[in-house]
Amino acid sequence: MSRTAHIIDDALGAVGNTPLVRLDRIAKEEGLECNLLGKVEYMSAGGSVKDRIAKRMVEEAEKEGKLVPGRSVVIEPTSGNTGIGLAMACAIKGYSVIITLPNKMSLEKEAALRALGAEVVRTPTEAAWNSPESHIGVAQRLQREIPGGIILDQYRNINNPLAHEYTTGPEIIEAVTGTASTDSHPSSGKVDVLVAGAGTGGTITGMSRAIKKKHNKECIVVGVDPKGSILAYPDELNTEGAGDPYVVEGIGYDFVPDVLSRDPADVNEWLKTSDEEAFAAVRLLMRHEGLLVGGSSGSALSGALRWLHSERGRAIAQTKGANVVVLLPDGIRNYMSKPWFLKMALEAEPSPLARHIADILKTSKSDVQTNVASLAGGIESRTSAIKKEKRPDAVDEASR
Ligand SMILES: Cc1ncc(COP(=O)(O)O)c(C=O)c1O
């Protein structure tokens, strides 16, 4: 349904219904004949794919009488985006919210959460998921102590994958089947490949079920898991760099959440990705497609490109009209002060145009560079002061 055709009751009415966008320029540069399509989730009201589960978990809990206005306190351990979706829903509906958030997650996410009225408790990134200090352990402790405290629990709540089975997956199917095949843009009329990262695994599991049950059971679903995480299947894929820290946020875990299906019938193949390739792919999406995506979108795209260049993927890559969909979970709003982004955005080699500007304005090329460097340094010093004060383990990422 078009978003602009009628008045919506509140911001929750603008959750989901995100566009499926052709990534033609990247496809051309990579020598792909297939259609490369990005599902752009930062266009959802709260800025990520996780708005969908937040909305559904809250509304289902209300129907079951588990949430009582004026009494319930929603407590959730998250890497941030589920928290932002919950804080948005709870601001509208009038519930208090407490979010437990590992230190690694960005200051921007904490700021958005607090702006929406949530309380935020930071937890050590390196704490094992089942230790009392982890974001999960702290949330459980708060729930035991706070009257009316309720954890909707995205790691186990069936409404997490269901939100994607009922919304994300069907939207992709509708966009693909509703777009005619033309000479300039041939289409098989179906979703042939779907690539997505996994955190809780709700997104990839739910989308896969929607597509395989109702649309194309032959669709190849490729899961992307960062090096250092243990979600990929089979387990041998996870041995290299096991437990190593990584900077990309929102994907990967040190335990397998209940809502992730590792059944090869649901997720056919897995790939491991590095921070470096993820950030390089973010740059491609920004520079070539004008899409201001976050780090895990780069992970998904880099996984998709690697798969399409692999022996198994090559046949699809060279098939005109084959539709390869990549899920892009959130936007750069969440990461504007992160060193990886500032480096990418501000420390690029001066372009020929920048040199020309320097010539016209009679500044030296090094002045242009110095201006850029001091801007980056200024942002970094302002944000790292806050980070160091509140986040003792932020040093591990300061140089990335
Ligand atoms: C930025 C980002 N990317 C990807 C994901 C993964 O989604 P899921 O938990 O459904 O696997 C998340 C989840 O929080 C996320 O925040």
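Residues numbered from 1 in each chain as written. Predicted model: local features only at pLDDT ≥ 70, side-chain atom pairs only at ≥ 80, totals over all residues. Heavy atoms only, no water.

Novice: Looking at this model, I keep getting lost on the nonpolar core. Mind explaining?
Specialist: If you look at soluble globular proteins, the nonpolar side chains tend to sit buried side by side. Of all hydrophobic cores here, the largest spans 41 residues; its most connected members are Leu32, Leu36, Leu285, Leu301, Leu308 and Trp340. Residue contributions to this core peak at seven residues, all from helix H8 (residues 275-289). Among residues more than four places away in sequence, those in contact with leucine 285 are Leu23, Ile26, Gly290, Leu291, Val293, Ser297, Leu301 and Leu328. By size, the runner-up hydrophobic cluster in this structure holds 27 residues, among which are Ala54, Ile84, Cys90 and Met105. (Core = buried A, V, L, I, M, F, W, Y, C linked by side-chain atoms within 4.5 Å. Buried < 20%, exposed > 50% of the residue type's maximum accessible area, 1.4 Å probe, protein only. Helix = DSSP H or I, 4+ residues; strand = E, 2+ residues; numbered from the N terminus. Contact = heavy atoms within 4.5 Å.)

Novice: How should unusual backbone geometry be read in this particular structure?
Specialist: Excluding glycine, residues mostly carry a negative phi; peptide bonds, for their part, are mostly trans. The omega torsion across tyrosine 233 and proline 234 is 0 degrees, close enough to zero to call that bond cis. Along the chain, proline 234 falls in the loop between strand E8 (220-226) and strand E9 (269-273). Of note, asparagine 17 is a non-glycine position whose phi angle comes to about 50 degrees, a positive value. Mapped onto the secondary structure, asparagine 17 falls in the segment before strand E1 (20-22). Taking relative accessible area as the criterion, asparagine 17 reaches 36% and is therefore assigned partly exposed. For aspartate 153, which is not glycine, the phi torsion reads 65 degrees and is therefore positive. As for its position among the elements, aspartate 153 is in the loop between strand E6 (149-150) and helix H6 (159-177). Judged by its relative accessible area of 15%, aspartate 153 is buried.

Novice: What exactly am I supposed to notice about the sheet that holds strand E4 (residues 96-102) here?
Specialist: Hydrogen bonds along the backbone pair up the strands of a sheet, which may run parallel or antiparallel. Read from one edge of the open sheet, four strands run E5-E4-E3-E6, paired in parallel fashion. Of all strands in the sheet, those with a lone pairing partner are strand E5 (119-123) and E6, marking the two edges. Where E4 lies against E5, five bridges are found, and the strand directions are parallel. What sits directly across from leucine 101, in E5, is arginine 122. (Pairing = 2+ DSSP bridges.)

Novice: It is not clear to me how the environment of alanine 87 should be interpreted in this structure. Could you clarify?
Specialist: Positionally, alanine 87 belongs in helix H3 (residues 81-93). C-alpha separation for the pair alanine 87 and leucine 12, spaced 75 residues apart in sequence, amounts to 11 Å. Dropping the residues within four chain positions of it, alanine 87 is found in contact with Val97, Leu113, Leu116 and Ala118.

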